[in-house]
Amino acid sequence: MPATATAPTRRVPRQERSRRRVEDLLDAAARLVVERGVEALTTRDIALAAEVPVAGLYQYFADKEDVLLALAQRDMDEMDTQVAADLATLEMLSMWTLVRTTMSAYVEVYRRRPAFVEIYLRGRTNVAVHRFGREHNARTATMLREFAVEAGIAPPDLRPDVALLAVETGDRVFQLAYEHDRSGNRKIVEEGMVMVAAYLERYATPEGLRGIRR
């Protein structure tokens, strides 16, 4: 699965030293987001935490929003990789296993990346992050629809808006599950899996209805 969101335009470091500096800046920003939240983050604090001159930060990032989007992009790429790896291990593919596996992969990345929870699930009051999240959802819906059709668990005429509604619903489930607990409310996530799968099963092929929901 390819990355599902377009990275913001910025200077791409070519030398290893420059790439390492960018990663240091992103790692520092991630730590500060976990400690202080999205709204309190400043470019000056990021530079200080990374032991980089403020001017050095602006060589690679235009502003705070640019840093946040770069963090979101990095973690979304990891999420896409996790989803692809987990789907590849399935012995039986159905709408239920597709939904369960995809949403479980998200939970795993949220566990590894607490800053992603703050930025992506709790930081949507930031206009840039909110827009980026909606674009990501649209791309994810397109990707998963194509995957389901190719796998034969969804018909070729499955409407794109059906896939988008399923992804947006799952996204809202995660927002609720992680609203007050950074580790997430597993019961809400599990109920969300059942709800999204039940909706998609209305449009599934006979092959897509295989499997027992647990």
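Just above, that's the structure.
Residues numbered from 1 in each chain as written. Predicted model: local features only at pLDDT ≥ 70, side-chain atom pairs only at ≥ 80, totals over all residues. Heavy atoms only, no water.

Draft legend 1. Structural detail: the overall build of the protein chain. Regarding its fold elements, the protein chain presents nine helices and zero strands. The linear arrangement of helices and strands in the protein chain, starting from the amino end, is α-α-α-α-α-α-α-α-α. Scaling as 2.2 N^0.38, a compact globule of 214 residues should have a C-alpha radius of gyration of about 17 Å, and the protein chain matches this with 19 Å. With respect to the principal axes defined by its C-alpha atoms, the protein chain has extents near 60 × 35 × 30 Å. When each of the 214 residues of the protein chain is scored for burial, the buried share is 50%. Look at the contacts in the protein chain between residues 6 or more apart in sequence, and 71% of them connect residues 24 or more apart. When the accessible surface of the protein chain is summed, it comes to about 11,100 Å², and 52% of that surface belongs to carbon and sulfur atoms. (Helix = DSSP H or I, 4+ residues; strand = E, 2+ residues; numbered from the N terminus. Rg over C-alpha atoms; globule rule 2.2 N^0.38 Å. Buried < 20%, exposed > 50% of the residue type's maximum accessible area, 1.4 Å probe, protein only. Contact = heavy atoms within 4.5 Å. Areas by Shrake-Rupley, 256 points an atom, 1.4 Å probe, with all protein chains shown as cover.)

Draft legend 2. Quick look at the packing of aromatic side chains. Applying the stated criterion across every chain, the model contains eight aromatic pairs. Ring centres 5.4 Å apart and planes at 75 degrees place the aromatic pair tyrosine 110 and phenylalanine 174 in the edge-to-face group. Placement of the pair is tyrosine 110 in helix H5 (residues 95-112) and phenylalanine 174 in helix H8 (residues 160-177), with a sequence separation of 64 residues. The same class applies to tyrosine 110 as to phenylalanine 174, namely buried. Between the aromatic rings of tyrosine 110 and tyrosine 178, the centroid separation amounts to 5.1 Å while the plane-to-plane angle is 65 degrees, which identifies the pairing as edge-to-face. With tyrosine 110 in helix H5 and tyrosine 178 in the loop between H8 and helix H9 (186-201), the pair connects residues that are 68 residues apart, well separated along the chain. Tyrosine 178 shares its class with tyrosine 110; the two are buried. (Phe/Tyr/Trp six-rings, centres within 6.5 Å; stacked < 30°, edge-to-face > 60°.)

Draft legend 3. Examining the environment of leucine 200 more closely. Here leucine 200 shows up in helix H9. You can call leucine 200 buried: its relative accessible area is 10%. Along the backbone, leucine 200 and leucine 158 are 42 residues apart, and their C-alpha atoms lie at a distance of 9.9 Å.

Draft legend 4. Fine view of the packing of helix H1 (residues 16-36) against helix H6 (residues 114-121). Between H1 and H6, the shortest axis-to-axis distance is 8 Å and the interhelical angle comes to 70 degrees. As far as their axial angle goes, H6 and H1 are roughly perpendicular. Each of Ala30, Val33 and Val34 in H1 lies in contact with H6, whose residues at this interface are Pro114, Ala115, Glu118 and Ile119. For the contact of H1 with H6, the class distribution of residues is six nonpolar, no polar and one charged. (Axes fitted to C-alpha atoms, helices over the stretch in contact; angles between N-to-C directions. Parallel < 35°, antiparallel > 145°, perpendicular 65-115°, else oblique. Nonpolar A, V, L, I, M, F, W, Y, C, P; charged D, E, K, R; others polar.)

Draft legend 5. Just the pattern of salt bridges, in detail. On inspection of all chains with the given rule, the structure shows 14 salt bridges. As a salt-bridge pair, arginine 112 and glutamate 108 come within 3.2 Å of each other at their nearest N and O atoms. Placement of the pair is arginine 112 and glutamate 108 together in helix H5, with a separation of four residues, close to one helical turn. With a closest N to O distance of 2.9 Å, aspartate 161 and arginine 159 form a salt bridge. Given a relative accessible area of 43%, aspartate 161 falls into the partly exposed group. (Salt bridge = Lys/Arg side-chain N within 4 Å of Asp/Glu carboxyl O.)

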